[in-house]
Amino acid sequence: MTMKRVIDGVHLIPMGNANGYLIEVPDGLTLIDAGFPNREAAVFAAIRALGRTPDQLKHLILTHGHPDHIGSAAAIVRETGARTYLHPFDIPLAKTGGPFRPMTPAPGLLRQVLCRVLYDHNERLMPVAIDEPLIDGKTLPIAGGIDVIHVPGHCAGQVALLWRSGRMLFAADVFMNVTGLGDPLGFEDLKEGRESQSKLADLSFDAVGFGHGKTITHDAMTRLRRWVGK
Ligand SMILES: [Zn+2]
Ligand SMILES: [Zn+2]
């Protein structure tokens, strides 16, 4: 699988059953999430396919500190020099490269099984330094403004990102859209996870991208609201 256009200015990069999103604006490139380990080549190929060079990747924003989202971060930074961003609660995970915090599988048989198979909190990664903490309510001065929304539950340091000029929400693992819109594989705190799902459904956007599964490019806000029961 190769890079796929999502909306104007946003490309999806498959990084091993996890999604990276490349935001392209004239003054540079921003990557949201760094996939599983050893997936950095997919990012460099995507950048070159856009007629750019890896040193034009200026920002690497990590939605949370799980191994399938920060796995290739160290390798990407080494090649590009990109500035890194992560919520303070998860910065120790990136700094040490693991171990990670345990999760309880989300309700339902499929997630009970997949969470145990796919998530290993004892995994070890190459550590990556974080340049800037992601603070709830702040707007990053990147690509015309990216809002940071703290959405714990699946992971204590998880954030969602709202790129207002593209009207696209990056929902990370607050939801997953693998066999239809639904819960992520697991939660550290189910109650917080439900609150975060509700919080995202209250935002205004047209498109939504997830850490796993298909993006929704039309009526995304309506679909999220319906799923949470609004
Ligand atoms: Zn996760
Ligand atoms: Zn994930």
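The structure displayed is predicted, hence computed values, not measured ones.

So, how was this worked out
Residues numbered from 1 in each chain as written. Chains lettered and ligands numbered in written order. Predicted model: local features only at pLDDT ≥ 70, side-chain atom pairs only at ≥ 80, totals over all residues. Helix = DSSP H or I, 4+ residues; strand = E, 2+ residues; numbered from the N terminus. Rg over C-alpha atoms; globule rule 2.2 N^0.38 Å. Contact = placed C-beta atoms within 7 Å. pLDDT = per-residue confidence, 0-100. Core = buried A, V, L, I, M, F, W, Y, C linked by C-beta atoms within 7 Å. Buried ≥ 20, exposed ≤ 12 C-beta atoms within 10 Å, placed from the backbone. Pairing = 2+ DSSP bridges. Axes fitted to C-alpha atoms, helices over the stretch in contact; angles between N-to-C directions. Parallel < 35°, antiparallel > 145°, perpendicular 65-115°, else oblique. Nonpolar A, V, L, I, M, F, W, Y, C, P; charged D, E, K, R; others polar.

A few points about the overall build of the protein
Logical step 1: Per the secondary structure count, the protein includes seven helices and 16 strands.
Logical step 2: Taking 230 residues into account, the globule formula puts the C-alpha radius of gyration at 17 Å, and the protein, at 16 Å, falls close to it.
Logical step 3: If one aligns the C-alpha atoms of the protein with their principal axes, the spans along those axes are about 45 × 40 × 35 Å.
Logical step 4: By sequence separation, contacts in the protein at least 24 residues apart represent 62% of the contacts at least 6 residues apart.

Observations regarding the confidence of the model for the protein
Logical step 1: Per-residue confidence for the protein gives a mean pLDDT of 97, with 100% of residues at or over 70.
Logical step 2: Mean pLDDT across the elements of the protein bottoms out in helix α5 (residues 109-118) (93) and peaks in strand β11 (residues 159-163) (99).

Some points on the nonpolar core
Logical step 1: Among the nonpolar cores identified, the biggest contains 66 residues, and Leu31, Leu60, Ala73, Ala160, Leu161, Phe170 and Ala171 are the most heavily contacted of them.
Logical step 2: In terms of residue count, β11 provides more of this core than any other element does, five residues in total.
Logical step 3: Ignoring any residue separated from it by four or fewer positions in sequence, one finds phenylalanine 170 in contact with Tyr21, Ile32, Thr63, Ala160, Leu161 and Gly209.

Section: the sheet that holds β11
Logical step 1: As summarised here, the arrangement of the five strands in space is β9-β10-β11-β12-β16, forming an open sheet in which the pairing is mixed. The sheet is open, and its two edges are formed by β9 (139-140) and β16 (207-209), each paired on a single side.
Logical step 2: Here three bridges tie β11 to strand β12 (residues 168-170), and the two strands are oriented antiparallel to one another. Bridge pairing in β12 places leucine 161 opposite phenylalanine 170.

Description of the environment of tryptophan 227
Logical step 1: Counting through the fold element by element, tryptophan 227 comes out in helix α7 (residues 220-228).
Logical step 2: Separated by 30 residues in sequence, tryptophan 227 and glutamine 197 have C-alpha atoms that sit 9.2 Å apart.

Brief notes about the environment of leucine 118
Logical step 1: Mapped onto the elements, leucine 118 comes out in helix α5.
Logical step 2: Residues leucine 118 and aspartate 68, spaced 50 residues apart in sequence, show a C-alpha to C-alpha distance of 9.5 Å.

Concerning the sheet that holds strand β8 (residues 132-133)
Logical step 1: Strand order across the open sheet formed by seven strands is β1-β2-β3-β4-β5-β6-β8, with mixed pairing between neighbours. Lying at the two open borders of the sheet, with one neighbouring strand each, are β1 (4-7) and β8.
Logical step 2: Here strand β4 (residues 28-32) pairs with strand β5 (residues 57-61) via four bridges, running parallel. Each bridged residue has a counterpart across the sheet, and for leucine 31 the counterpart in β5 is leucine 60.
Logical step 3: Helix α1 (residues 40-49) contacts β2 (10-14), β3 (19-25), β4 and β5 of the sheet and is inclined by roughly 145° relative to β2.
Logical step 4: In this fold helix α3 (residues 73-80) packs onto β5 and β6 (83-86), with an angle of close to 160° to the strand it touches most, β5.

Some remarks on the pairing of β1
Logical step 1: One ladder, built from three bridges, connects β1 with β2; its direction is antiparallel. Counterpart to arginine 5 in the pairing with β2 is histidine 11.
Logical step 2: Two successive antiparallel strands, β1 and β2, enclose a turn made up of two residues, where glycine 9 displays a positive phi of approximately 90°.

Points about the packing of α1 against α3
Logical step 1: α3 packs onto α1 with a crossing angle of 40° between their chain directions and a minimal axis gap of 9 Å. Taken together, the axes of α1 and α3 lie oblique to each other. Here Glu40, Val43 and Phe44 of α1 lie close against α3, whose contacting residues are Ala75, Ile76 and Glu79.
Logical step 2: Taken together, the residues of the contact of α1 with α3 sort by class into four nonpolar, no polar and two charged.

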